Amino acid sequence: VSAVALLLLLVYAKRANAKNIESVPFIYIASAFILLTLSLKLWTVYFEGKTVLLIGLLIMHCVLWIIAGRLLNLIYFIISGIAGILLVVFFLLLQF
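Residues numbered from 1 in each chain as written. Predicted model: local features only at pLDDT ≥ 70, side-chain atom pairs only at ≥ 80, totals over all residues. Heavy atoms only, no water.

I'd like a rundown of the environment of lysine 50, residues and numbers included.
Assignment of secondary structure puts lysine 50 in the loop between helix 2 (24-47) and helix 3 (51-72). On the accessibility criterion, lysine 50 (47% relative accessible area) is partly exposed. For lysine 50 and histidine 61, which are 11 residues apart along the polypeptide, the C-alpha to C-alpha distance reads 17 Å. (Helix = DSSP H or I, 4+ residues; strand = E, 2+ residues; numbered from the N terminus. Buried < 20%, exposed > 50% of the residue type's maximum accessible area, 1.4 Å probe, protein only.)

Encoded structure:
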């Protein structure tokens, strides 16, 4: 269900972006959170308890947010990606 919702949001965003509709940033944010939630659900089902994979997954999403922010020129994606990586690094430092 989440994957279908994500695909529908992205298709709508592409069409809305061509028409300069103001809801496009909300669609990008919703798509990013749906993708993150879907990834975390897959981790919970198949890899629960393997913290290294969770950390890698979170860092991968943060890097994707930074790349999306650079490509789409969305500063809030860049800031959230950098903040996410810093939080993961802070978590790792607290563990050791």
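Read on for the rest.
Could you give an account of helix 2, with specific residues and numbers?
Spanning 24 residues, helix 2 covers 34 Å between terminal C-alpha atoms, matching the ideal 34 Å at 1.5 Å per step. Residues of helix 2 that are buried include every one of Val24, Ile27, Tyr28, Ala30, Ser31, Ala32, Leu36, Ser39 and Trp43, and no others. Positioned one or two residues after helix 2, glycine 49 has a phi angle of 95°, which is positive. (Expected span 1.5 Å × (residues − 1).)

So, the side chain of histidine 61: which residues are in play, and what are the values?
Along the chain, histidine 61 falls in helix 3. By relative accessible area, which is 2% here, histidine 61 ends up buried. When residues no more than four places from it in sequence are discounted, the contact partners of histidine 61 are Leu35, Leu36 and Ser39. (Contact = heavy atoms within 4.5 Å.)

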